[in-house]
Every structure is written in structure tokens, then in C-alpha cells.
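Residues per chain, in single letters:
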Amino acid sequence: MSENRLNAYRIMWLFVFFDLPVMTKPECHTATHFRKFLEKDGFSMMQFSVYIRHCASKESAEVHISRIRNNIPEKGQVSILTVTDKQYGEILNYWGCKSNPLGETPKQLELF
């Protein structure tokens, strides 16, 4: 029986960056639909047009990347970045002049 241990190099974080047109009502509707899709798929807004999601493994990340590819709007740009938990742990966030630490990474194991 083999045992796969979770470590900071196997756990992944997905970043989705997007720039979608919102000049007309249909474009606004499309952009809203895409944001709501990301939220339903477990992503959280990190900044405007930047969403982030924790994935327990590279395989899990690939599933979510495939879902995003199937829901990309016709117009605009969508970029996906995958980083390990170890890399994500080195992120620096600044609000104003002071640095604020990020909340703790999830400790709950995803089972799907």
C-alpha cells in the first residue's frame, strides 16, 4: 500500500487573471457570468479580475483548468497561473504602506 503525503510542493494554487470587455450590456452580462462561474467553482476574489483557488494536487488543478477553458468568454483575455503551496507561501501583500500577513492556508483535505 503506497501512501501519498501532502507537502508544499504538491499542493497547488490556481490564479485566474482576466480582462473582459464591459462596454455594452451583453458584455457586462458575459463578464458577470464568468465571475459567478469562478465563484461557483470554488475561486475567491483576490483583487478585481484576479481570482484564486486552493487545489490539493496537480490533478485537481488540471480539472479546474479544464473547466475554465470550457467557460472562457469569446472576447477578452483570460490567463491562468499555477503555483505550488511553497511558492504561494512567499507572497507579499501590501495595503497602503504596511504589510499584512495572509490568512492561514486551508488545513482541510479535499476529497473529490
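The structure reproduced in this document is the subject of the present report. Throughout, residues of each chain are indexed from 1 in the direction in which the sequence is written. With the structure being a predicted model, the display of local features is reserved for residues of pLDDT at least 70 and the display and counting of side-chain atom pairs for 80 or more, all residues being used for whole-chain, interface and lining totals. Side-chain calculation: all heavy atoms of the structure are included, whereas hydrogens and water are not.

**Quick look at the nonpolar core**
Next up, step 1: Here, nonpolar core refers to any group of buried Ala, Val, Leu, Ile, Met, Phe, Trp, Tyr and Cys residues whose side-chain atoms link them within 4.5 Å. Think of it in three bands: with a 1.4 Å probe and only protein chains considered, a residue is buried below 20% of the maximum accessible area for its type, exposed above 50%, and partly exposed in between. In this structure, Leu14, Val16, Phe18, Phe34, Leu38, Phe43 and Ile68 are the most contacted members of the largest nonpolar core, which totals 15 residues.
Next up, step 2: Note on conventions: DSSP H or I runs of at least 4 residues are helices, E runs of at least 2 residues are strands, and numbering of each starts at the N terminus. Those elements giving two or more residues to this core turn out to be strand S1 (12-19), helix H1 (25-40), strand S3 (50-55) and helix H2 (58-69).
Next up, step 3: Excluding its chain neighbours within four sequence positions, the residues that come into contact with Leu14 are Phe43, Tyr51, Ile52, Arg53, Cys55, Ala61, His64, Ile65, Ile80, Leu81 and Thr82. Throughout, a contact is declared for two residues whenever any of their heavy atoms are within 4.5 Å.

**Topic: the pairing of S3**
Next up, step 1: S3 sits mainly inside the fold: 6 of its 6 residues count as buried.
Next up, step 2: Because side chains alternate across S3, one face comprises the buried residues Val50, Ile52 and His54, and the other comprises Tyr51, Arg53 and Cys55, equally buried.
Next up, step 3: What makes two strands pair is DSSP finding at least two bridges between them. Note: S1 against S3, 6 bridges, orientation antiparallel. By the bridge assignment, Trp13 is partnered in S3 with His54.
Next up, step 4: Note that strand S2 (residues 44-47) and S3 share 3 bridges and pair antiparallel. Paired with Met45 across the two strands is Tyr51, which belongs to S3.
Next up, step 5: What sits between the antiparallel neighbours S2 and S3 is a turn of 2 residues, in which Ser49 has the positive phi angle 65°.

**Here's the deal with unusual backbone geometry**
Trans is the prevailing form of peptide bonds, just as negative phi is the prevailing case for residues other than glycine.
Next up, step 1: The phi dihedral of Ser49 is positive, around 65°, even though this residue is not glycine.
Next up, step 2: Note that Ser49 resides in the loop between S2 and S3.
Next up, step 3: With a relative accessible area of 29%, Ser49 lands in the partly exposed category.

**Re the sheet that holds S2**
Next up, step 1: What the 4 strands build is an open sheet, ordered S2-S3-S1-S4; its pairing is antiparallel. At either end of the open sheet lies a strand with only one pairing partner, and these are S2 and strand S4 (77-84). When the angles between neighbouring strand axes are averaged without regard to direction, this sheet yields 30°.
Next up, step 2: In this description, a line fitted to the C-alpha atoms serves as the axis of each element, helices being fitted only across the stretch in contact, and the angle between N-to-C directions of two axes falls anywhere from 0 to 180 degrees. Seen against the sheet, H1 touches S1, S3 and S4 and runs at an angle of roughly 170° to S1.
Next up, step 3: Along the sheet face, H2 touches S1, S3 and S4 and points at about 20° away from the line of S1.

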